[in-house]
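Observations on the model geometry
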Amino acid sequence: MAGIQIRHVYKRYGKDKPPVVKDFHMAIEDKEFIVFVGPSGCGKSTTLRMIAGLEEISEGEIYIDEQLVNHLPPKDRDISMVFQNYALYPNMSVYENIAFGLRMRKLPRHEIDLAVRKASRILEIEPYLERKPRELSGGQRQRVALGRAIVRNPKLFLMDEPLSNLDAKLRVSMRMEIIKLHQELGTTFIYVTHDQVEAMTMADRIVVMKDGIIQQIDTPERIYSAPNNLFVAGFIGSPQINLIRGRIQENERGGLEFHTSRFYLAIHESNAALLRRHQQVNRQVVLGIRPENITLEALFSEAVIDGKFKFTELMGADRYLYLDIGQDSLLIARVNPSAQFASNESVRLGVDTLKMLFFHPDTGERFLEST
C-alpha cells in the first residue's frame, strides 16, 4: 500500500521559464482517493506525470512509501497509470492487452491467466476477452485499460482524465465503476480531471489548482461550502456561485448590512462578528451566495433581493432562475421547477443569511475565523 509525500515540488521547462507547477506540497494517505482538478493548463497532469516518473522534477522531493523516487524510473515505482486515450494495442485481443505487462515480467502462464480472469471478472468484461479493441465500445475499452492497470496489483493508481472521451451517460456509469474498484482494491488512487462533477462525486479529498499553484486541499463538502478564495468558489458548483460586490455598513441598531446601489441585505450576527474582526466595516467586499441558498420565500427571510426576471433553465427537478439585479449582474437562484414568470417581471427573493460567504475584493481570499 502507498502513502505519498510531495514536498515543495516545482516543474520548469527551461531555467528562465516560469514554473508550470509551483511549490506543490501535500501528504496523501494510504488508500485515499485524491482528485486533482482545475482548468486546462493548471499543472494537474504535469504533477501526476512527475509522481509517475514520466516528467523530471525541477525542484522538491516525492516519496512513495517513504522511499525517495525523484530519480527512480516509472517501472520501479510500483504504479499503474490509466490514460485518456486508453493506449491499447490494436492488434492484440482484450486478454492479451490485459496480460501484456505480466508477460513482460515473465510471470508463469497460470499466474497470468488467474490474474487476467480475476481483473476481467471485477470489471465485467469476461465476454470480450477474445475481441480486439476496435470491436469494443468506448466504455468497454476503458474497462480494458483499467483491467491492464489493476492486474499488476500496484501500490498506486494514477488516472489522467480517463473518462473525458466518453459520452455523458457513460461517464456517470464509469465513475461508479471506478469508485467501486477503489473500494474493492483498497489502494491509493490519484485522479486528474477538469470536470468538477467527477471531482465532487469521487474524491476523498480534492486538490484545486490554478496556474500551477494549489488553491485548496479539502473534502468535497468543505471545498463547496467553505472555499478558500474566489477562484475555488467560482470553479466548483453548477450553476456557479453568485458573486456580488458591495459595501459593509452598520445600521442604526448596531447590526451590519451588505449594500449595493440596488439593494441591501442584513448580515447574520456570526458573519457580522467575523467582518468586524477583519475590520471590514465601511469597506468593499465580495459577497458569495450559492443559488440553492436563494429562495422565492422572501416573506420569511431577513434578507431580500428584488430583481427583474430575464430567463430560466429547466433542469428536471430544478429550475435555474436568472434575474437582473443591476451592476450588469445576473443573479442565479435554484427554485421549484413549477415556478413561472413573465419577461422583466419583478421578483422578490429571500437569502439564507447563514450561508453568505465574504471575500476580499483585491486578494480574493475568503475572510476566515482565524486571522
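The text that follows walks through the structure, step by step, so that each part is easy to find. (Residues numbered from 1 in each chain as written. Predicted model: local features only at pLDDT ≥ 70, side-chain atom pairs only at ≥ 80, totals over all residues. Heavy atoms only, no water.)

**Details of the sheet that holds strand β10 (residues 213-218)**
The strand order across the open sheet built from six strands is β6-β7-β8-β3-β9-β10, with neighbouring strands paired in mixed fashion. In this open sheet, the two edge strands, each paired with only one partner strand, are β6 (79-82) and β10. The sheet shows a mean angle of 15° between the axes of neighbouring strands, taken without regard to direction. In terms of strand pairing, strand β9 (residues 205-210) meets β10 through five bridges, oriented antiparallel. Across the sheet, residue V208 finds its bridge partner in β10, namely Q216. Seen against the sheet, helix α1 (residues 44-52) touches β3 (33-37), β6, β7 (156-160), β8 (188-193) and β9 and runs at an angle of roughly 150° to β7. Sitting on the sheet, helix α4 (residues 138-150) is in contact with β6 and β7, with an inclination near 170° to β6. (Pairing = 2+ DSSP bridges. Helix = DSSP H or I, 4+ residues; strand = E, 2+ residues; numbered from the N terminus. Axes fitted to C-alpha atoms, helices over the stretch in contact; angles between N-to-C directions. Contact = heavy atoms within 4.5 Å.)

**Brief notes about the nonpolar core**
One finds I98, V116, L146, I178 and Y191 to be the most contacted residues of the largest nonpolar core, which totals 45 residues. Discounting chain neighbours no more than four positions away, the residues touching I178 are F33, L146, M159, L163, F189, Y191 and M202. Membership of the second largest hydrophobic core comes to 30 residues, among which are L265, L274, M356 and F358. (Core = buried A, V, L, I, M, F, W, Y, C linked by side-chain atoms within 4.5 Å. Buried < 20%, exposed > 50% of the residue type's maximum accessible area, 1.4 Å probe, protein only.)

**Quick word on the side chain of E198**
Mapped onto the elements of the fold, E198 is located in helix α6 (residues 196-202). In this structure, E198 is buried with no salt-bridge partner, the nearest side chain bearing the opposite charge being R171 at 4.4 Å. A distance of 3.0 Å separates the side chain of E198 from the side chain of T193, its partner in a polar contact. Sequence-distant contacts of E198, that is, excluding residues within four places in its chain, are made with L163, R171, R175, Y191, T193 and A203. (Lys, Arg positive; Asp, Glu negative; His and termini not counted. Salt bridge = Lys/Arg side-chain N within 4 Å of Asp/Glu carboxyl O. Polar contact = N/O pair within 3.5 Å; in protein donor to acceptor, adjacent residues only side chain to side chain.)

**Here we look at the layout of surface pockets**
Counted as a void, the largest pocket has a volume near 610 Å³. Lining the largest pocket are 20 residues, with I79, S80, M81, G101 and R152 sitting closest to its centre. Listed by contribution, the elements that provide at least two residues to the lining of the largest pocket are β6, α2 (94-104) and α4. In terms of residue count, the dominant contributor to the lining of the largest pocket is β6 (four residues). Looking at the lining of the largest pocket residue by residue, the classes come out as 14 nonpolar, two polar and four charged. (1 Å grid on protein atoms, 1.4 Å probe; cavity = no way out; pocket = protein on both sides within 12 Å on 5 of 7 lines; lining within 4 Å. Points joined across faces, edges and corners; volume = space filled by probe spheres on them. Nonpolar A, V, L, I, M, F, W, Y, C, P; charged D, E, K, R; others polar.)

**Some thoughts on the packing of α2 against α4**
Describing two packed helices takes the angle between their axes plus the distance from one axis to the other. It is the contact of α2 with α4, at a shortest axis distance of 7 Å, that shows an interaxial angle of 30°. Put simply, α2 runs roughly parallel to α4. In terms of crossing hand, the pair formed by α2 and α4 is right-handed. Here α2 contributes V94, N97 and I98 to the contact with α4, which in turn contributes V144, G147 and R148. (Parallel < 35°, antiparallel > 145°, perpendicular 65-115°, else oblique. Left-handed = near helix turned anticlockwise from the far one by under 90°.)

**Digging into the pattern of salt bridges**
A complete count under the given rule lists 15 salt bridges for this structure. The partner of R334 in a salt bridge is D318, and the shortest N-O contact between them spans 3.9 Å. In this pair, R334 is assigned in strand β18 (residues 330-335) and D318 in the loop between β16 (303-314) and β17 (319-324), connecting sequence segments 16 residues apart. Residue R334 is classed as partly exposed on the basis of its relative accessible area, which comes to 24%. Residue classification places D318 among the partly exposed positions, given a relative accessible area of 27%.

**Structural notes on the pairing of strand β11 (residues 242-250)**
By the bridge criterion, six bridges tie β11 to strand β14 (residues 284-289) in an arrangement that is antiparallel. Bridge pairing in β14 places I244 opposite L287. One ladder, built from four bridges, connects β11 with strand β12 (residues 256-259); its direction is antiparallel. Residue pairing for β12: R247 is matched across the bridge by H259. Between β11 and β12, which follow one another and run antiparallel, lie five residues, and G254 among them has a positive phi close to 90°.

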